[in-house]
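# Breakdown of the fold
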Amino acid sequence: MMRTGKIAWALAAAVSAQAAWAQDAPAPAPAQQQPPQADDGLVVDVEGGMSAPLPILIPAMPTSQVAQTPAGSTDQLGQKLAQIVDDDLRNTGLFKTSGPNATRGIGIAEVTAPNYSSWSGGQALVQGYVRANGNGSLTIGCYLYDLAAQTELVRQGFVVSPGDWRRAGHKCADAIYARLTGEGPYFDSQVVYVAETGPKGRRRKQLAIMDQDGANHRFLTNGQAIVLTPRMSPRGNAVVYMSFENRQPTLYVYDMAARSNRKLVSNVSQTFAPRFSPDGRWILFSMATAGNTDVYRISASGGEPQRLTNSPGIDTGGSYSPDGSKIVFESDRGGTQQLYVMNADGSNQHRISFGSGRYATPEWSPRGDLIAFTRTGGGAFRIGVMNQSGGGERLLTDSWGDEGPSWSPNGRVLMFFRSAQGSGRPDLWAVDLTGVARKIPTPLDGSDPSWGPIRP
């Protein structure tokens, strides 16, 4: 078995950060119900990737009056917010961005009345502003303009606490991305993963969580026990994972609000590879009993496990389809590690992977159209996708040790971990369906990422 398969944003009222239209902004445009069409103005070909990235200009966001806030002065925040939007859009591989360090500054009056003739080198223009409010909150405006048509495409505003200013930047980028591509948003989301340090063979592994761009990093466990395969709940309020506490691989659930753990399965043999159902009511996992490993499900609140598979060998790595009706899992029942699909009750089990090599760590796309996996062959591990019947298989990475894919909330990007040959030191990476890949910054080595939902 492969290494992973073997162990097998409204913002919170509590922080006074309700999403709202900015007071300085004109009335919001109607919500767009359909993806943009070719005659709607600017449209990005999401299948073209780096072949024809859209040039987009993103100057610093001005402020009507410089004010000091717990997050810094409003003029500094305007620079940083524009940079977040720049980074988010550029990292998709679909945009050629010129950010706040490569564009001229603008005045507050320009935000809602662009000086179109003064801009060159871009097809789209992102402008915004920052204002400190008397109650301690921040108002942040976000606008997207088509420079050729001289029209406004996006208008949004947010009232946030100073501690959530980065989320306003991600929300701005999400609105622009969705308008130009027709794809769903994914920038305002978090990733839970295993942070690693120490020499090869004696690694310290602890749960950590961060924004999808690596910011706002914090640890969830202290590292006294090895942890593996964390998976975030559909609402982002809990993480299920395997821990070697007391040297026994057992499943735990971490409550994000209470910052506390509880054991999910008690008085059983080895349990591993957990994952939530789409509605959050169930958790799939694998359990080894009497020399056989099968896929089980259990209520997310605990209780008696229900067995779903019963075949010789190792069945593990279950992942639900987005409607909860089917499960994809890995099994070596046929002699080699392959992917199988079954109904949610365990019926109609059938193999779907038939390419060369071995297949593991399957995860169903939130859009339901694709299944991501790790494929190994010739000593190399690579990330790939196939349709739900096993057809249309293609590999997205071409490195030596790529494993454990996890889908972005919009089903467009996969995060995974990559190890250099012989190093034993993994890093987190993300790859778009076009194959555009980038490294995700983390303070320590990282493995087993699980991408959470768009934040409310």
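Below is a short write-up of the structure. Please read all numbers here as calculations on a predicted model, not as lab measurements.

Below, the discussion takes up the sheet that holds strand β13 (residues 250–255). Backbone hydrogen bonds hold the strands of a sheet together, and the pairing may be parallel or antiparallel. Taken in spatial order, the four strands of this open sheet run β11-β12-β13-β14, and their pairing is antiparallel. Two strands lie at the open edges of the sheet, namely β11 (227–232) and β14 (260–263), each paired on one side alone. Within the sheet, the average angular offset between the axes of one strand and its neighbour, ignoring direction, is 25 degrees.

When you line up the elements, S447 lands in strand β31 (residues 445–454). Of the polar contacts made by the side chain of S447, one reaches the side chain of E196; its length is 2.5 Å. The contact partners of S447, leaving out residues within four places of it in the chain, are Y193, V194, E196, F417, P426 and L428.

Read across the sheet, four strands follow the order β15-β16-β17-β18 without closing on themselves; strand pairing throughout is antiparallel. The two strands at the open ends of the sheet, each matched to only one other strand, are β15 (271–276) and β18 (306–307).

Take empty space enclosed by the protein next. Computed from the structure, the second largest cavity encloses a volume of approximately 70 Å³. In this structure, the second largest cavity is lined by N91, T92, Y186, V413, A430, V431, D432, V436, R438 and W451. Sort the elements by how many residues they give to the lining of the second largest cavity and strand β29 (residues 426–432) lands first, with three residues. Split into classes, the residues belonging to the lining of the second largest cavity amount to six nonpolar, two polar and two charged.

Rules of the game
- Residues numbered from 1 in each chain as written.
- Predicted model: local features only at pLDDT ≥ 70, side-chain atom pairs only at ≥ 80, totals over all residues.
- Heavy atoms only, no water.
- Pairing = 2+ DSSP bridges.
- Helix = DSSP H or I, 4+ residues; strand = E, 2+ residues; numbered from the N terminus.
- Axes fitted to C-alpha atoms, helices over the stretch in contact; angles between N-to-C directions.
- Polar contact = N/O pair within 3.5 Å; in protein donor to acceptor, adjacent residues only side chain to side chain.
- Contact = heavy atoms within 4.5 Å.
- 1 Å grid on protein atoms, 1.4 Å probe; cavity = no way out; pocket = protein on both sides within 12 Å on 5 of 7 lines; lining within 4 Å.
- Points joined across faces, edges and corners; volume = space filled by probe spheres on them.
- Nonpolar A, V, L, I, M, F, W, Y, C, P; charged D, E, K, R; others polar.

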